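# Coordinate analysis (summary)
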Amino acid sequence: MCTAIVHVDPASPVPVLLAGVRDEFTGRAWEPPGRHWPDRPRLVGGRDLRAGGTWFAVDPDAPRAACVLNGRGALPPEDARISRGGLPLLAAAGDGPQSLDLPRYEPFHLLAAGPRRVVLWSWNGRDLRERTLGTGLSIIVNSGLEGEDHAEGGAEEASMAARLAYFRPRFAAAARPAPVPGEPVATAWGAWTPLLEGGGLPRTDARALLPLVDLGDGRVWGTGSVSLAALAPSGVRYDFSGTPGDPAAWTAIP
């Protein structure tokens, strides 16, 4: 499971906030944010060492940020699959997925955020849907925008619904931050900070924003990082934690 949290307020000096929570097997190797892609030297993001792509990418000059979540739907043949890790790089560079050979991709939700517009593309293995997110709070999980593609049954589906039910009203009630460069993370992200650090829930709780689940046989699934982007016309503030839930682990990415 992954989660993206977006808040759009055109009247704010920082009109768009984007938080990307990446869930993955904890043993999957990755590198912290940097300029890892010589063919896209403007882009900054963490790099997945298995497939070479990313889950969250930022173009500080545009300014623009993008993130990807797994979706639900039909799967391509195993021998034809293309990694979804290239999608945030594409979107952060200002392109959309329309021209891709989409039947070769597993289902996804792809967000591209700039200070004036946030676009969500959802691919279910058959159809691509494009939407512009409106003013206010939006939360995307693997079952879609506000869990709209929720299916009954299964622990994962139940956990996504529980996560939305717990965290959505808390983010909605929290004072909206307006992060600016130079502030400490706790100051910059204000009332969002404790929520992004887990909201007081144990990581084993079914509602957890930062889950950690022991699947047995040495396999542990959970949140490996949290990425934050505050997008204003003058630029982007990019914060990152590779130790979710630890208030001391936040780093401002230049």
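Look a little higher up for the structure.
What comes next is a walk through the structure. (Residues numbered from 1 in each chain as written. Predicted model: local features only at pLDDT ≥ 70, side-chain atom pairs only at ≥ 80, totals over all residues. Heavy atoms only, no water.)

### With respect to the nonpolar core
By size, the foremost hydrophobic cluster in this structure holds 28 residues, and its most contacted members are I5, F171, W189, W192 and L196. Listing elements by their share of this core, those giving two or more residues are β2 (16-25), β10 (136-141), α2 (155-173), α3 (185-189), α4 (193-196) and β13 (219-232). Top contributing element to this core by residue count: α2, with 5 residues. Those residues within four positions of L196 in sequence are excluded, and the remaining contacts are I5, A19, F171, L209, L210, V226, L228 and W250. The next biggest cluster of nonpolar side chains, apart from the first, holds 26 residues, and it includes F56, L69, A229 and L231. (Core = buried A, V, L, I, M, F, W, Y, C linked by side-chain atoms within 4.5 Å. Buried < 20%, exposed > 50% of the residue type's maximum accessible area, 1.4 Å probe, protein only. Helix = DSSP H or I, 4+ residues; strand = E, 2+ residues; numbered from the N terminus. Contact = heavy atoms within 4.5 Å.)

### Here's the deal with the environment of D61
Within the secondary structure layout, D61 lies in the loop between β5 (56-59) and β6 (64-70). With 67 residues separating them along the chain, D61 and L128 place their C-alpha atoms 28 Å apart.

### Here's the deal with the packing of aromatic side chains
Taken as a whole and assessed by the stated rule, the structure comprises 9 aromatic pairs. With a centroid separation of 4.9 Å and 90° between ring planes, the pair formed by F25 and W221 is classed as edge-to-face. A residue pair is termed long-range when its members are at least 10 positions apart, and F25 in strand β2 and W221 in strand β13 qualify at 196 residues. Classification of W221 by relative accessible area gives buried; the value is 19%. Measuring from ring centre to ring centre gives 6.4 Å for Y105 and F108, while their planes differ by 80°; the resulting arrangement is edge-to-face. Take Y105 and F108: they sit in the same class, and that class is buried. Cluster of aromatic residues (ring-pair linked, three or more members): Y166, F167, F171, W189 and W192. Sitting above the plane of the W55 ring, R22 keeps its charged end 4.0 Å from the centroid. Here R170 stacks its cationic end above the ring of Y166, 3.7 Å away from the centre of that ring. (Phe/Tyr/Trp six-rings, centres within 6.5 Å; stacked < 30°, edge-to-face > 60°. Lys NZ or Arg CZ within 6 Å of the ring centre and 35° of its normal.)

### So, α2
Its 19 residues give α2 an end-to-end C-alpha distance of 28 Å, which sits within 8% of 27 Å, the value for a rise of 1.5 Å per residue. E157, S159, M160, R163, L164, Y166, F167 and F171 are the residues of α2 that are buried. Each element contacted by the buried residues of α2 is listed here: β1 (3-8), β2, β10 and α4. (Expected span 1.5 Å × (residues − 1).)

### What to know about the sheet that holds strand β9 (residues 128-132)
Working definition: the strands of a sheet are paired by backbone hydrogen bonds and lie parallel or antiparallel to each other. Ordered by their spatial adjacency, 7 strands build an open sheet running β3-β4-β5-β6-β7-β8-β9, and the pairing between neighbours is antiparallel. In this open sheet, the two edge strands, each paired with only one partner strand, are β3 (30-34) and β9. Within the sheet, the average angular offset between the axes of one strand and its neighbour, ignoring direction, is 15°. As defined by bridge partners, strand β4 (residues 44-48) adjoins β5 across 2 bridges and the pair is classed as antiparallel. Residue G45 lies in a different strand from β5, and its bridge partner there is A57. (Pairing = 2+ DSSP bridges. Axes fitted to C-alpha atoms, helices over the stretch in contact; angles between N-to-C directions.)

### Concerning the side chain of R28
Residue placement: R28 occurs in the loop between β2 and β3. Among the polar contacts listed, one links the side chain of R28 to the side chain of D48, at a separation of 2.8 Å. (Polar contact = N/O pair within 3.5 Å; in protein donor to acceptor, adjacent residues only side chain to side chain.)

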